[in-house]
Protein chains: 2
Amino acid sequence: MSLWFTEKQTENFGITAKINKTLHTEQTEFQKLDMVETEEFGNMLLLDDMVMTTEKDEFVYHEMVAHVPLFTHPNPEHVLVVGGGDGGVIREILKHPSVKKATLVDIDGKVIEYSKKYLPTIAGQLEDPRVDVQVGDGFMHIAKSENAYDVIMVDSTEPVGPAVNLFTKGFYAGIYKALKEDGIFVAQTDNPWFKADLIANAQRDVAEIFPITRLYTANIPTYPSGLWTFTLGSKKYDPLEVSEERFHEIETKYYTKELHKAAFALPKFVADLLK
Amino acid sequence: MSLWFTEKQTENFGITAKINKTLHTEQTEFQKLDMVETEEFGNMLLLDDMVMTTEKDEFVYHEMVAHVPLFTHPNPEHVLVVGGGDGGVIREILKHPSVKKATLVDIDGKVIEYSKKYLPTIAGQLEDPRVDVQVGDGFMHIAKSENAYDVIMVDSTEPVGPAVNLFTKGFYAGIYKALKEDGIFVAQTDNPWFKADLIANAQRDVAEIFPITRLYTANIPTYPSGLWTFTLGSKKYDPLEVSEERFHEIETKYYTKELHKAAFALPKFVADLLK
């Protein structure tokens, strides 16, 4: 028997992947969690039947969430990740020698637990002494934080289920308060082909709070449309005006200093969403 | 009954789309041709069960094939399209006022016929008086052409079936001869996630013939991995050194003058394929 998993990325379109075996499946307190071994993309984490990350293409998302704000900030020391229980963003953050502490707040401890077990190349750095892993509500963590972080990264699921509060103007306002006076934040904001409104709304809401608001993209094969967006809000530093000497050598498979700037050159129909 | 079309983009991964109805299906002299109406992407042309173009996302491919070389060349007058029977590249070429004649050579007249019938927004310009539509073998057309074209665009299917000769060094050498002394050519060269060897081989072969060889990318949701590549060979003009005044206003949905250059900033794993 040949087993295929299909994710309906919209009502009428999806991706399908051959599954060698199911490694784990459970309904956690917050969402349905499946870990499967695929033939094409290695081990794959699904939450509520949506692909969250795969061993083969995870590097794109994790590098682009982390390195764009971290190379924009001149000296990021304290970094917060909201969500991101698979640990991939943490792994990338730790490549920056200026970082003294990286705090991860994921609402679902099961995501952390099974990522450590089945995605060791992604979650392996969660044990690093610089990392503080907290199982809790990221929205509440932000609400009680003030002037605390240099960079905040929101590595959430879609705005359904546990992540619904993470796409609100109130949350962005909380992030502004939780950041230091020259802080930067970035959030994944889905794709422009099927979720144009989400991007336009996030951009509008963030721009009402942060003086510098930008959108950038990356290609992720297992995410809807293959083109993912990230919304960045910054109090002081512009990601498009990073000086050459700011970049230092880190090992990457997707991010480069040229791509750092090129990722902000948007397809016209995407740029038009921001008007 | 709900009908879904599935394209296996690799042995173990694919896309699936809900089909409202099949508009036409036949085995032509060269390939299997299906025209279907999808709910998500509008009418869709399939050749040998692979998505060739859809009404919703076709603009990306057609704009990026055409405008990158046409804005690189200072005065493109005679342009050849090998393949491209759906007419989308021709539509984009005709947006450039310098173009006096655009020749299209597709081996399969049925592609042209059914594109005109079911993809009128794509194929509608094939009747323009500047366009010479020929049903014939693009490889042979190139072989007998000399010093004839300013720009040649290879809008082919995959290197299986009728297009197999269009991915050979002999073909690239023929293109060099068919171009004028300052000519430029571009070919679609698939995606770096599943077809890395194809890209590396094309780059190597083209670089042995053309003094300037470049790779650029675009996001196409219905193509494998969502990240498509184009290999460009040029005798004289570098697409990265186009002056600002060269760009003139054309109506696009994907291409912009900023994206023209940004599209050449490659993800590191793609850049590494070219070493």
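Reading guide: rules and limits
Residues numbered from 1 in each chain as written. Chains lettered and ligands numbered in written order. Predicted model: local features only at pLDDT ≥ 70, side-chain atom pairs only at ≥ 80, totals over all residues. Heavy atoms only, no water. Helix = DSSP H or I, 4+ residues; strand = E, 2+ residues; numbered from the N terminus. Buried < 20%, exposed > 50% of the residue type's maximum accessible area, 1.4 Å probe, protein only. Contact = heavy atoms within 4.5 Å. UniProt positions renumbered as here; feature names shortened; annotations may be inferred. Polar contact = N/O pair within 3.5 Å; in protein donor to acceptor, adjacent residues only side chain to side chain. Salt bridge = Lys/Arg side-chain N within 4 Å of Asp/Glu carboxyl O. Buried area = accessible area lost by both parts, 1.4 Å probe. Nonpolar A, V, L, I, M, F, W, Y, C, P; charged D, E, K, R; others polar. Pairing = 2+ DSSP bridges.

A.B. asks: In this structure, what is going on with the environment of B:Gly226? I would like to understand it.
C.D. replies: Along the chain, the position of B:Gly226 falls in the loop between β11 (212-219) and β12 (227-234). Judged by its relative accessible area of 2%, B:Gly226 falls in the buried class. Sequence-wise, B:Gly226 and B:Val270 are 44 residues apart; in three dimensions their C-alpha atoms are separated by 14 Å. Apart from the residues within four sequence positions on either side, B:Gly226 is in contact with A:Asn219, A:Ser225, A:Gly226, B:Ala218, B:Asn219 and B:Ile220.

A.B. asks: Can you walk me through the UniProt feature "binding site: spermidine" (unreviewed entry) in chain A in this structure?
C.D. replies: Residue and element names in this part refer to chain A. Taking the numbering used here, the UniProt-annotated feature "binding site: spermidine" (unreviewed entry) corresponds to His62, Asp86, Asp155, Ser156, Thr157 and Glu158. Within the secondary structure layout, Asp86 lies in the loop between β6 (78-83) and α2 (88-93). At 3.2 Å, the side chain of Asp86 and the side chain of His62 are in polar contact. Among all residues touching Glu158, those that are not within four sequence positions of it are Met50, Ala163, Phe167, Gln188, Asp190, Lys195 and Trp228.

A.B. asks: Help me out: how do you make sense of the pattern of salt bridges in this one?
C.D. replies: All names here are of chain B. Throughout the structure, instances matching the rule amount to 40 salt bridges over all chains. Between Lys100 and Glu77 there is a salt bridge, and its shortest N-O distance comes to 3.4 Å. Placement of Lys100 in the loop between α2 (88-93) and β7 (101-106) and of Glu77 in the loop between α1 (58-72) and β6 (78-83) is noted, with a sequence separation of 23 residues between them. In this structure, Glu92 and Lys95 form a salt bridge, with 2.9 Å as the shortest nitrogen-oxygen distance.

A.B. asks: Any chance you could explain the interface of chain B and chain A here in plain terms?
C.D. replies: Often, the extent of an interface is quoted as the loss of accessible area upon association of its parts. With 39 residues of chain B at the interface, the matching set in chain A holds 39 residues. Taken together, the two surfaces of chain B and chain A that pack against each other cover about 3200 Å², and 69% of this comes from carbon and sulfur. Broken down residue by residue, the surface that chain B buries against chain A is led by B:Asn12, B:Phe13 and B:Trp193, which jointly contribute 22%. The tally of links from chain B across to chain A stands at zero salt bridges. Scanning the region where chain B abuts chain A turns up 14 residue pairs in polar contact (both at pLDDT 80 or more). Secondary-structure elements contributing two or more residues to the side of chain B that touches chain A are β1 (3-10), β2 (13-27), α1, α8 (257-262) and α9 (268-271) of chain B. Top element by residues in the side of chain B that touches chain A is β2(B). It accounts for six residues. For the side of chain B that touches chain A, the residue count by class is 19 nonpolar, 10 polar and 10 charged. The sheet contact formed by strand β2 (residues 13-27) of chain A and β2(B) spans five bridges and is antiparallel. Among the inter-strand pairings, A:Ile15 is bridged to a residue of β2(B), identified as B:Ile15.

A.B. asks: Can you help me understand unusual backbone geometry in this one?
C.D. replies: Note: most residues except glycine have negative phi, and most peptide bonds are trans. All names here are of chain B. Positive phi is not limited to glycine here, since Asp49 has a value of about 70 degrees. Looking at the element boundaries, Asp49 is found in the loop between β4 (42-47) and β5 (50-54). Its identity as a non-glycine residue notwithstanding, Asn147 has a phi of 50 degrees, on the positive side. Its location among the elements puts Asn147 in the loop between α5 (138-143) and β9 (149-155).

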